[in-house]
Amino acid sequence: MQQQEPLEEILSDLVKINNDRIEGYQQAIAATDDADLKALFQRMIDDSVRYADELNAELLALGAEKCTSTTPCGKLYRAWTELKTIFTGQDRHAILSFCEYGEDAAQRAYSSAFKTETSMPYRIRELIADQQKLLQNDHDIINAYRNVQKIVY
């Protein structure tokens, strides 16, 4: 059981980063009136709900409890973002920049999961790799939206 604890911690950390992502995109939806961004952010929320569910299923299979929390850094960042939004308003570029920062954090969390020497079953390693690849695609989309906005102005 003690050998499973590091794996449980890795899976919990990934659930937390997805929960951060869900809350961050909910905040982004509330901060914009742009229908295209609202739809994009909602899709990303739906994806992270699915990713968290998949990771939680692996936690439950290991005999651990389901993770429902977020990271302390994520909470702090969302509070800072909310404060900054008060001053920047519904600036599309600023909202996308906040989102890109969150996507960077997700990539760091997933990369960290692979750099660990913790033993994990192939199915879990594959799940993490698949999710990271999809998250990288989302990062690239956010980056492209943000860059297009820069060019327009």
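For the structure, see preceding data.
The paragraphs below set out a description of the structure included in this document. For every chain, the first residue of its written sequence is number 1, and the numbers climb from 1 along that sequence. Two thresholds apply to this predicted model, a pLDDT of at least 70 for residue-level local features and 80 or more for giving and counting side-chain atom pairs, whereas whole-chain, interface and lining totals are computed over all residues. Side-chain metrics rest on all non-hydrogen atoms present in the structure, leaving aside hydrogens and water.

A word on the pattern of salt bridges. When a carboxyl oxygen of Asp or Glu lies within 4 Å of a side-chain nitrogen of Lys or Arg, that pair is called a salt bridge. Considering all chains together, one arrives at 10 salt bridges under this definition. Ionic pairing is found between Arg21 and Glu103, a salt bridge with its closest N-O pair at 2.9 Å. With Arg21 in helix H1 (residues 4–31) and Glu103 in helix H4 (residues 92–115), this pair connects stretches of sequence that are 82 residues apart. Assigned by exposure class, Arg21 and Glu103 land together as buried. A salt bridge links Asp34 to Arg92; the nearest nitrogen and oxygen atoms lie 2.8 Å apart. Of this pair, Asp34 sits in the loop between H1 and helix H2 (35–61) while Arg92 sits in helix H4, placing them 58 residues apart in sequence. Taken together, the shared-partner salt bridges connect Arg21, Arg43, Asp47, Arg50, Glu54, Glu103 and Asp138 into one network. Helix numbering and strand numbering both begin at the N terminus, where a helix is a DSSP run of H or I of at least 4 residues and a strand a DSSP run of E of at least 2. The rule is simple: take the accessible area with a 1.4 Å probe, protein chains only, and divide by the maximum for that residue type; under 20% is buried, over 50% is exposed, in between is partly exposed.

All right, on to H2 then. By this rule the span expected of a helix is its residue count minus one, scaled by 1.5 Å. Look at H2: 39 Å from first C-alpha to last across 27 residues, which is about the 39 Å you get at 1.5 Å a residue. Backbone geometry just after H2 places Gly63 at a positive phi near 90°.

At a minimum axis distance of 13 Å, the contact between H2 and H4 shows a crossing angle of 15°. Judged by the inter-axis angle, H2 sits roughly parallel to H4. In the packing of H2 onto H4, the handedness of the crossing is left-handed. Every residue of H4 that contacts H2 at Asp36, Leu37, Phe41, Met44, Tyr51 and Leu55 is listed here: Arg92, Ile95, Leu96, Cys99, Glu103 and Tyr110. Grouping the amino acids of the contact of H2 with H4 by side-chain chemistry returns 9 nonpolar, no polar and 3 charged. Every angle, taken between N-to-C directions, lies between 0 and 180 degrees, and every axis is a line fitted to C-alpha atoms, over only the stretch in contact when it is a helix. Here the word oblique covers every angle except those under 35 degrees (roughly parallel), over 145 (roughly antiparallel) and from 65 to 115 (roughly perpendicular). Throughout, a crossing is termed right-handed when the near helix is turned clockwise from the far one, and left-handed when it is turned anticlockwise from it by less than a right angle. The contact rule is simple, with two residues in contact once any of their heavy atoms fall within 4.5 Å. Three classes are used, and their members are as follows: Ala, Val, Leu, Ile, Met, Phe, Trp, Tyr, Cys and Pro are nonpolar, Asp, Glu, Lys and Arg are charged, and the others, Gly among them, are polar.

Quick look at the packing of H1 against H4 now. For the pair H1 and H4, the least separation of the axes is 10 Å and the interaxial angle reads 175°. The orientation of H1 with respect to H4, classified from their angle, is roughly antiparallel. When H1 is examined against H4, the residues Ile10, Leu14, Ile17, Asn18, Arg21, Tyr25, Ala28 and Ala31 are found in contact with a partner set consisting of Ile95, Cys99, Glu103, Ala105, Ala106, Ala109, Tyr110 and Ala113. Of the residues in the contact of H1 with H4, the class split is 13 nonpolar, 1 polar and 2 charged.

Each Phe, Tyr or Trp ring, with Trp reduced to its six-membered ring, pairs with another whose centre is within 6.5 Å; inter-plane angles below 30 degrees give stacked pairs, above 60 give edge-to-face pairs, and intermediate values give tilted ones. Under the definition given, this model contains 1 aromatic pair. Centre to centre, the rings of Tyr25 and Phe41 are 5.2 Å apart; their planes meet at 35°, and the pair counts as tilted. One end of the pair, Tyr25, is in helix H1; the other, Phe41, is in helix H2, with 16 residues separating them in the sequence. Sitting over the ring of Tyr101, Arg108 keeps its end group 6.0 Å from the ring centre. Note on criteria: charge over ring means Lys NZ or Arg CZ within 6 Å of the ring centre, with the direction from the centre no more than 35 degrees off the ring normal.

When you line up the elements, Gln131 lands in helix H5 (residues 122–152). Reaching out from Gln131, the side chain makes a polar contact with the side chain of Tyr110 at a distance of 2.5 Å. With near-sequence residues (within four places) excluded, Gln131 lies in contact with Asn18, Tyr51, Glu54, Leu55 and Tyr110. Counting of polar contacts relies on pairs of N or O atoms within 3.5 Å, with two restrictions inside protein: one atom must be capable of donating a hydrogen and the other of accepting it, and residues adjacent in sequence are counted only when both atoms are side-chain atoms.

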